[in-house]
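The residues making up each chain are set out below.
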Amino acid sequence: MSGKIMGYARVSSTSQNLDRQLAELEKYVEKSNIVVDKASGKDLNRNGFQALKGPLGLRKGDTLIIKSLDRLSRNKTDIKNELEWFKENQINLQILDLPTTMIQLPNGQEWIRDMINNIIIEVMSSIAEQERITIRQRQREGIDVAKRQGKHMGRPKLEKPEEWDKYYNMWKSGRITAKKVMEVLGLKKTSFYKLVKLS
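Residues numbered from 1 in each chain as written. Predicted model: local features only at pLDDT ≥ 70, side-chain atom pairs only at ≥ 80, totals over all residues. Heavy atoms only, no water.

Trainee: Report on a nonpolar patch on the surface, specifying residues and quantitative values.
Mentor: The grouping of Met115, Ile116 and Ile119 at the surface amounts to a nonpolar patch, some 280 Å² of accessible area in total. Of note, Ile119 is situated in helix H4 (residues 110-148). Using a relative accessible area of 55% as the deciding quantity, one classes Ile119 as exposed. (Patch = residues over 30% accessible without salt bridge, like charges linked within 9 Å, V, L, I, M, F, W, Y side chains within 5 Å. Areas by Shrake-Rupley, 256 points an atom, 1.4 Å probe, with all protein chains shown as cover. Salt bridge = Lys/Arg side-chain N within 4 Å of Asp/Glu carboxyl O. Helix = DSSP H or I, 4+ residues; strand = E, 2+ residues; numbered from the N terminus. Buried < 20%, exposed > 50% of the residue type's maximum accessible area, 1.4 Å probe, protein only.)

Below, the structure is given as structure tokens:
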């Protein structure tokens, strides 16, 4: 295998752990050659991944190893476009969860691996996209159920202090400063002006 060998690992958020992916990649790639992202797979706008494709990243003859296809993306169109990019730039993509991508074949017989991989990747990319759609649908359903049950989603609703109307009218007529109203009612500046807009 000519060229350098790089690895790429991704989780969707900063709270998720990369250890499992890194442990698998380190069997094939030097730790210092593994690029990581903690970002959603809904699109390709990720610093680490874009750096791999940039001027200082992967070159013709290099190999990129990932744990699974959905680490690239969960969008079928994006996956297809990226696979085309790897092919056009003659960069070997190996996916640990797809053993056929790991097979080393003699020169001239790579078409066998490509044919098998194209079929598998088509199926896997469809599954990855369907998972993303299902996750979004479940989130939407959860929000809808919570709303029907009267649960407030997002930030807590801003409540008016008991004596808001009294102090608001005093402030509006110029008999008291905004700072004094905030002090008396225990309001932050942003909360005060939000309540002003609502009044």
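Don't stop here, the text continues.
Trainee: Explain the pattern of salt bridges residue by residue, including any values.
Mentor: Under the defined criterion, the tally for this structure stands at nine salt bridges. The salt bridge partner of Glu24 is Lys27, with a shortest N-O separation of 3.2 Å. Of the charged contacts in the structure, one is a salt bridge between Asp165 and Lys160, with a shortest N-O distance of 4.0 Å. Under the relative-accessibility criterion, Asp165 is labelled partly exposed at 47%.

Trainee: Tell me about the packing of aromatic side chains, and please be specific about residues and values.
Mentor: Counted according to the given criterion, the structure contains seven aromatic pairs. A centroid spacing of 5.2 Å and a plane angle of 80° characterise the contact between Trp85 and Phe86, whose relative ring orientation is edge-to-face. One exposure class covers both Trp85 and Phe86, and it is buried. With 5.7 Å between their ring centres and 70° between their planes, Trp164 and Phe192 make a pair best called edge-to-face. With Trp164 in helix H5 (residues 164-172) and Phe192 in helix H7 (residues 189-198), this pair connects stretches of sequence that are 28 residues apart. Relative accessible area serves as the criterion here: at 1%, Trp164 is assigned to the buried category. Relative accessible area serves as the criterion here: at 0%, Phe192 is assigned to the buried category. A network of ring pairs unites the aromatic residues Trp164, Tyr168, Trp171, Phe192 and Tyr193 as a single cluster. Lying across the ring of Phe49, Arg46 places its NZ or CZ 5.5 Å from the centre. (Phe/Tyr/Trp six-rings, centres within 6.5 Å; stacked < 30°, edge-to-face > 60°. Lys NZ or Arg CZ within 6 Å of the ring centre and 35° of its normal.)

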